[in-house]
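Report on the structure
Okay, here's what each chain looks like letter by letter:
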Amino acid sequence: MMRELILNTQLSQRFNRETLARTVGACIMPLIILGLSVVFGVLEPRFFTGQNLGNILVQSSFLIVLAVGQMFSLIVRGFDLSVGQLISMVSVASALVMAHLASTMPEAPFLAVAVGLGAGLAIGVAAGLINGLNIAVLEVHPFVATLGMLGICQGIASTISGGFPVFDVPDVLARAFLHNRIFGIPLPVATAILVCVVAAFVLNRTVFGRMLYLVGSNPRASVTAGIPAKRVLVGAFVTCSLITAIAALMLTARTGSGEPLMGGGLMLQSIAAAVIGGVSLRGGEGRVLHCVIGGIFITMLSNGMNMVRVEGYFQMIVLGVVVITGVFLDRLRKR
Amino acid sequence: MTDQKSPLIELRAVTKKFPGVIALKDIDFDLKKGETHVLLGENGAGKSTLINILAGSFPPNAGSYLINGVAAKGLTPHKARLSGISPVFQEFSLAPELTVMQNMFLGREIRRLGVLDNAAMKVRAEEVLSELGFEINTEIKVGELSRARQQMVEIAKALLQDVQVLILDEPTASLTDSEAEKLFELVERLKTDGCGIIYVSHRMAEIRKIGDRVTVLRDGRKIGTVTCADTSDADMIEMMTGRKVDTLFPKVVQKPGKEAMRVEKLTSSCGGVKNVSLTMRHGEIVGIAGLVGSGKSEIARLIFGLESIATGAIFLAAKTEIRNPSPRKMLRNGICYLPSDRVGEGLAMDRPIRENATIAALDTEKFNLRGLMRRKNERDAANKVADRFSLRPLDIERRVEALSGGNRQKVMLARGILRDVEVFLFDEPTVGVDVGAKAQIYHIINELVENGAAVLLISSELPEITNLCNRTYVMRLGEIVGELLGDEVTENNVLNAIFDDHTRMKPDAQVPA
Amino acid sequence: MTSNGIWHKALNALGRVGLLPLLVLFALILLSLVEPRFLRQANLINVLRGTGFLVLIACGQMLVLIVGGFDLSVGAVVALSSVVSALTMAGLGADGAMSVWTIIAFGFAAGIGAGLVVGLLNGLCVTYLKVSPFMVTLGTMSIAAGVALYISAGAPVYGLPEEFTRIFGRYRFADLPIIVYTAAAAAAVLWLMMNKTVFGLYVYAIGGDPAAARNSGVSASAVLISCYAICGMLAGLTGLLLTARIGSGEATLGSTLMLESIAASVIGGVSLRGGVGRVENVVLGALILVLVTNAMNLMRVDSKIQTIVIGIVLILAVAVDAWRQRIRGRRAA
């Protein structure tokens, strides 16, 4: 009550402060990215070559897509621990489908690739559906539900691949993906842009997107307002897994093989990128732009450290410190 | 008057500032031995700040605080407790996962050789509870108790030590009638023992019952201290609200028309509502009065499908029966429920006003074009509603979090305007709402009824019931015990119905709420 | 009506005892009937050893979960402790000037100390920076793993005192390895702490409702930090004993333990929302997890499929628990 009084009489001041905080908040990560690139540029002039900046862009496109997927589960107050192993499973499964079709009908490699991609996406949707139903209907905590899914995906990935990479993927896949450009934009970047645009459209322009934010912000209130919260929850996790599957297919296309160990550290990176970029762990908040910023930041950090020859193990330490400080700064800005 | 000794506690010219606001200004206050001193004020008047200063939660910016005539410097909640000042706040200090006994001793456990002495604590806890006449098992986890029982534990916790000053912050807000009665007995007993009691409330009936002196606060200032016996209700309300009672409420013209909804023999699965039948008509405000825990809030929740129904039926417009109600189904049938807990289940606090205004209408064609948001329609509609309700600030992109209680309630009301709603179920629509906004909300409700809506007004505030309702059901212990019509809806009649035969109630006949 | 009554009674009884003990009993009986090799001494010792490691680390995890947190860094702490203690012991033992027991003592101090440092870091960041435990421990996980790899250059660290591996890795007292006693002692101490001391009471209070605990004058910061510190130290101890078992310091040790420790706690009924959890049930949870793995090993189930089964078991266990809670909630209301 007292708070309300304070707010009441303080509204005009707060308004200014809020807009100020928002402006500063929106600028802080781009500024850090800018500062960081200056530091790397000074330490290693090759950092600023067009080729390296292009590299960063291509590399970050994978992480950005992953972070966008993860964001869908974060918005509804969940998180998805299974994304890493889902990537492995989708990679291996789609590669196996492609390899099998390519060997039975070698004359149609494109068809084989297309069916393989379709299978990968279908697997993503299925995994997301199971996650979502477990969480929404059986009311299993997202941590446990997706942890279980992590084990399941890992097991399936290593079982169907026998633990080895799947190599017999038609090479049109890797060639097409890595060497083609659309309007001069490399295909991985173009894919990431497409995913981002569609995701932003879903979040901002569709009723489903609106419901995602409302359910994440206050699940009980959304039920009272007649929003089908359970269905929205399932939809969020399905979308998350679907986008993750897209990332998995991008990664498979890049390596040109199905890798059972591909997903390893990607789950943590996807969460880190989203949260550092500004997606809230408490739900109800998150924009595609956050994921783009977070993804570019983490990719640039590791690229820069590679350029100035920071040892790989030491990079992990830096990443850890960065994650904690990044989230801390984010909290400060929201206060 | 009988003793001229120095008061137990005394505030002199106390001022408390928070960043950007003066919560209390130049407050003088004192409490004598053996008296009940009521703090009366609207929400936001500064009552909470005042008792927080008394309890040592934070220091005043100016002025002095004397305990037994000695200036209290560097007071902390812990030190205040040691001086015999025991607060019972509205936000409970109970840990849901601990037992009653563990909670009572939380922060001051009895230890023997470093190990908890559960036996000793249990004995003492049961002693205090039985002294109070509360029948509560000390081994039960607090999270499993009803809110009323939690309130009792909270009070018992405060009385575990030697108490000189007991601070009760709206303690009956969640008690049933017989429990409230026990509390009043306890207060009397403590008074005769020489305790001083500070009692925060804005319920006239209660204040009449136990108050000796009343200090009225408004907007952080002290309006005056009066003796209960010499002051009329109307005067006190006028002191509290700053305006005559009759300007607060609009003149509602009730034109009861066709039946809008009928509920027959509704009983809830958990037993909080038994055999309730009621009817609502277009163009009429129907009230449900009763104490908290009487089941009046549950009725709306049952109708709206938020709690499960054991038996009974709900009929719309005199014929169509609605089976298995759910919020979605009810909204589509033109029924809207506005919960009392706005933060918990009413609003998405960190989303903008615009999104909260349309939250319940996302499936209507007006805002939904085959799955796409009609953003212009939404903006226009939200702006129009904000204008109509004179929302402050008028910026529909502001987060609801930043609004005052009254404006939050208006945002929630918007959902009933933005889709075809004919039946409104209000649950305590003015909880946490300041006077000005209260009048506006009453005005809006009046408008709804004039336009032919049917309104169910569930309220613990008797003036709301008596001034707005054409008909009123009175609930006690989960059942409807009376229906008052037109001129019969007076404060006295309602109170009589609520308290009618409470003396015959046995404690074990209580409803688990 | 009568069958309904019996059903309700059964449900109530189930609600009080919980599924766990029944499940363990059922698993034990089933295993001994179906698979005679299960009852062989060597296998039983195997089961107990595996359970011991898991219990030790799950106890710490449980503490942090009850107080309303999360510790993702425990696995990395195991690796860090392993490398740090191995380097310490190998370094001190190189010139042969120090007595073996002094070296081992330093080794223990280094390993547990490393755990303590990470735990304190976790606790301080969660308490004072108010960063979500998930992100803090995600960060320290990366840091701890990075340090372990960095100082060991990613290679196993050899040169441990022979006594260290012999006694703490292989020695058996009354047929049981040291880890079993250590885990039993840790669980017993933790049980006493949680049930008989003020500390345990405060842990439950803070995990259940931090604001209420603070209103009652409980110093939440100290308790929170202690929980993370204890969790870190237990992970450090686990790392030490695993190192003794393996015979070298490994920066890859314990990679699965983070998830397993959380799984054991959750199967043991610890709430991820804080405030709820009992030591004895976590021990049972760990036992179930190890039993399921052991049974699959005995039946020669491919280890790759085992992860699938574990995943399903985890989800099922929690789903059943959630269902049970709902039923109880409905009946209590």
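Treat the numbers as computed from the prediction; the structure is a model and nothing was measured.

**Here's the deal with the overall build of chain A**
When helices and strands are tallied, chain A shows 13 helices and 2 strands. Its C-alpha atoms give chain A a radius of gyration of 21 Å, near enough to 20 Å, the size a compact globule of 335 residues would have. Seen along its three principal axes, the alpha-carbon backbone of chain A occupies a region of about 75 × 55 × 40 Å. Counting only residues that meet the buried cut, chain A has 57% of its 335 residues in that class. Looking at chain A alone, contacts between residues at least 24 apart form 77% of all its contacts between residues at least 6 apart. Working note: accessible area of chain A is about 13400 Å², and carbon and sulfur atoms make up 70% of it. A gap of 13 Å separates the mean positions of the 21 positive and 12 negative side-chain charges of chain A.

**Topic: the overall build of chain B**
When you go through chain B residue by residue, the secondary structure sums to 18 helices and 24 strands. Scaling as 2.2 N^0.38, a compact globule of 513 residues should have a C-alpha radius of gyration of about 24 Å, and chain B matches this with 24 Å. Across its three principal directions, the C-alpha atoms of chain B cover 70 × 50 × 50 Å. Considering chain B as a whole, with its 513 residues, one finds that 58% of them fall into the buried category. For chain B, restricting intrachain contacts to residue pairs at least 6 apart in sequence, the fraction spanning at least 24 positions comes to 68%. When the accessible area of chain B is evaluated, it comes to approximately 20500 Å², of which 49% is carbon and sulfur surface.

**Comments concerning the sheet that holds strand E14 (residues 276-281) of chain B**
Residues and elements named next belong to chain B. Sheet architecture is open: 4 strands sit in the order E14-E13-E16-E17, paired in antiparallel fashion. For this open sheet the edge positions go to E14 and strand E17 (320-322), each flanked by a neighbour on one side alone. Averaged over all pairs of adjacent strands, the angle between strand axes in this sheet comes to 20°, irrespective of strand direction. With 5 bridges connecting them, strand E13 (residues 259-268) and E14 associate as antiparallel partners. For Val263, the partnering residue across the bridge sits in E14 and is Leu278.

**Structural notes on helix H10 (residues 296-303) of chain B**
Along an α-helix, residues three or four apart share an orientation, since each turn contains 3.6 residues. Residue and element names in this part refer to chain B. Of all 8 residues in H10, 7 are buried, a share of seventy percent or more. Within H10, burial applies to Lys296, Glu298, Ile299, Ala300, Arg301, Leu302 and Ile303. Following H10 by one or two positions, Gly305 has its phi on the positive side, about 80°.

**What about the interface of chain C and chain A?**
Between chain C and chain A, the residue contacts involve 40 residues of the former and 42 residues of the latter. Summed over both sides, the interface between chain C and chain A buries roughly 3500 Å², with carbon and sulfur atoms accounting for 82% of that surface. On the chain C side of the contact with chain A, Met135, Tyr150 and Ile315 of chain C bury the most area, a combined 17% of that side's loss. Run the count over chain C and chain A and you get 2 residue pairs in polar contact (both at pLDDT 80 or more). Of all elements in the fold, only helix H5 (100-129), helix H6 (133-152), helix H12 (257-267) and helix H14 (303-332) of chain C reach the threshold of two or more residues within the side of chain C that touches chain A. It is H6 of chain C that contributes the most residues to the side of chain C that touches chain A, 14 residues altogether.

**Thoughts on the sheet that holds strand E15 (residues 284-289) of chain B**
All names here are of chain B. Pairing is mixed across the open sheet formed by 6 strands, whose spatial order is E18-E21-E22-E15-E23-E24. Strand pairing shows two members of the sheet lacking a second neighbour, strand E18 (335-338) and strand E24 (479-485), which therefore form its edges. Geometrically, the sheet is characterised by an average inter-axis angle of 15° between neighbouring strands, direction not taken into account. Of the strand pairs in this sheet, strand E23 (residues 471-476) and E24 are connected by 6 bridges, and their pairing is antiparallel. Paired with Arg476 across the two strands is Glu479, which belongs to E24.

**Description of the nonpolar core**
Among the nonpolar cores identified, the biggest contains 348 residues, and Val68 and Phe143 of chain A together with Met104 and Leu425 of chain B are the most heavily contacted of them. Considering each element in turn, this core owes the most residues, 16 residues, to helix H10 (residues 229-255) of chain A. Beyond its immediate chain neighbours, meaning those up to four positions away, Leu425 of chain B contacts Met261, Met280, Ala300, Ile303, Ile335, Cys336, Tyr337, Leu338 and Leu456 of chain B. Leu39, Leu50, Ile53 and Ile85 of chain B belong to the second largest nonpolar core, which has 25 residues in total.

**Focus: a nonpolar patch on the surface**
Residues Leu25, Phe26, Ile29, Leu30, Leu33, Val34 and Met299 of chain C make up a contiguous nonpolar surface patch of roughly 740 Å² in combined accessible area. Tracing the sequence through the fold places Leu33 of chain C in helix H2 (residues 20-34).

**What about the domain arrangement of chain B?**
Under the domain assignment, chain B is made up of domain 1 (9-243), domain 2 (244-334 + 422-513) and domain 3 (347-420). Taking only C-alpha atoms, the centre of domain 1 of chain B and the centre of domain 2 of chain B are 31 Å apart.

**Examining the pattern of salt bridges**
Under the defined criterion, the tally for this structure stands at 39 salt bridges over all chains. Glu284 of chain B serves as the salt-bridge partner of Arg471 of chain B, at 2.9 Å between the closest nitrogen and oxygen. One end of the pair, Arg471 of chain B, is in strand E23; the other, Glu284 of chain B, is in strand E15, with 187 residues separating them in the sequence. Three or more residues are tied together by salt bridges with common partners; here these are Arg210 of chain A together with Arg351, Arg354, Glu355, Glu378 and Glu397 of chain B.

**Brief notes about the side chain of Arg213 of chain B**
Here Arg213 of chain B lies in strand E11 (residues 213-218). Among the polar contacts made by the side chain of Arg213 of chain B, one reaches the side chain of Glu35 of chain B at a distance of 2.8 Å.

**Things to note about the packing of helix H11 (residues 266-277) of chain A against H6 of chain C**
Look at H11 of chain A against H6 of chain C: their axes get within 11 Å of each other, and the N-to-C directions meet at 125°. Looking at the two axes, H11 of chain A sits oblique to H6 of chain C. Classified by chirality, the crossing of H6 of chain C by H11 of chain A is left-handed. Of H6 of chain C, the residues touching H11 of chain A (which contributes Leu268, Ile271, Ala272 and Val275 of chain A) are Phe134, Met135, Leu138 and Met141 of chain C. In terms of residue class, the contact of H11 of chain A with H6 of chain C is made up of 8 nonpolar, no polar and no charged.

**Observations concerning the pairing of strand E4 (residues 62-67) of chain B**
Residues and elements named next belong to chain B. Judged from the 5 bridges that link them, strand E1 (residues 9-18) and E4 form a sheet pairing that is antiparallel. Across the sheet, residue Arg12 finds its bridge partner in E4, namely Ser64. Note: E4 against strand E5 (residues 70-71), 2 bridges, orientation antiparallel. Bridged to Leu66 within E5 is Ala71. From the end of E4 to the start of E5, which pair antiparallel, there are 2 residues, and Asn68 there has a positive phi angle of about 50°.

**Quick notes on the pairing of E18 of chain B**
All names here are of chain B. Burial of the side chains of E18 extends over both faces: Ile335 and Tyr337 are buried on one face and Cys336 and Leu338 on the other. As judged from the 4 bridges shared by E18 and strand E21 (residues 423-427), these two strands associate in the parallel manner. Bridging from a neighbouring strand, Leu338 pairs with Phe426 of E21.

**A look at the environment of Leu331 of chain B**
Inspection of the secondary structure assignment puts Leu331 of chain B in helix H11 (residues 327-332). Leu331 of chain B sits 132 residues away from Pro463 of chain B along the chain, and the two C-alpha atoms are 29 Å apart. In this view, Leu331 of chain B contacts Thr224, Ala225 and Gly226 of chain A together with Phe304, Cys336, Ala360 and Arg419 of chain B; residues no more than four positions away in its chain are not counted.

**Description of the side chain of Ser73 of chain A**
Relative to the elements of secondary structure, Ser73 of chain A occurs in helix H2 (residues 50-75). Not counting the four nearest positions on each side in its chain, Ser73 of chain A is found in contact with Gly78, Phe79, Asp80, Phe237 and Cys240 of chain A.

**A few points about the packing of aromatic side chains**
According to the stated counting rule, one finds 15 aromatic pairs over all chains in the structure shown. Ring centres 6.5 Å apart and planes at 55° place the aromatic pair Phe79 of chain A and Phe70 of chain C in the tilted group. Note that Phe79 of chain A is positioned in the loop between H2 and helix H3 (83-104) and Phe70 of chain C in the loop between helix H3 (41-66) and helix H4 (74-93), a pairing that runs across two chains. On the accessibility criterion, Phe79 of chain A (9% relative accessible area) is buried.

**Quick word on unusual backbone geometry**
Unusually for a residue other than glycine, Phe183 of chain A sits at a positive phi of about 50°. Mapped onto the elements of the fold, Phe183 of chain A is located in the loop between strand E1 (181-182) and strand E2 (185-186). At Arg300 of chain C, a position not held by glycine, the phi torsion is positive, near 55°. Here Arg300 of chain C is to be found in the loop between helix H13 (279-298) and H14. In this structure Arg300 of chain C comes out as exposed when scored by relative accessible area, which is 66%.

**Structural notes on the environment of Asp427 of chain B**
All names here are of chain B. In this structure, Asp427 sits in strand E21. Contact partners of Asp427, with chain neighbours within four places excluded, come to Ser297, Tyr337, Leu338, Pro339, Ser340 and Ile458. One polar contact links Asp427 to Ser297, side chain to side chain, over a distance of 3.2 Å.

Thresholds applied
- Residues numbered from 1 in each chain as written.
- Chains lettered and ligands numbered in written order.
- Predicted model: local features only at pLDDT ≥ 70, side-chain atom pairs only at ≥ 80, totals over all residues.
- Heavy atoms only, no water.
- Helix = DSSP H or I, 4+ residues; strand = E, 2+ residues; numbered from the N terminus.
- Rg over C-alpha atoms; globule rule 2.2 N^0.38 Å.
- Buried < 20%, exposed > 50% of the residue type's maximum accessible area, 1.4 Å probe, protein only.
- Contact = heavy atoms within 4.5 Å.
- Areas by Shrake-Rupley, 256 points an atom, 1.4 Å probe, with all protein chains shown as cover.
- Lys, Arg positive; Asp, Glu negative; His and termini not counted.
- Charge placed at Lys NZ, Arg CZ, Asp CG, Glu CD.
- Pairing = 2+ DSSP bridges.
- Axes fitted to C-alpha atoms, helices over the stretch in contact; angles between N-to-C directions.
- Buried area = accessible area lost by both parts, 1.4 Å probe.
- Polar contact = N/O pair within 3.5 Å; in protein donor to acceptor, adjacent residues only side chain to side chain.
- Core = buried A, V, L, I, M, F, W, Y, C linked by side-chain atoms within 4.5 Å.
- Patch = residues over 30% accessible without salt bridge, like charges linked within 9 Å, V, L, I, M, F, W, Y side chains within 5 Å.
- Salt bridge = Lys/Arg side-chain N within 4 Å of Asp/Glu carboxyl O.
- Domains from an automatic or database assignment.
- Parallel < 35°, antiparallel > 145°, perpendicular 65-115°, else oblique.
- Left-handed = near helix turned anticlockwise from the far one by under 90°.
- Nonpolar A, V, L, I, M, F, W, Y, C, P; charged D, E, K, R; others polar.
- Phe/Tyr/Trp six-rings, centres within 6.5 Å; stacked < 30°, edge-to-face > 60°.

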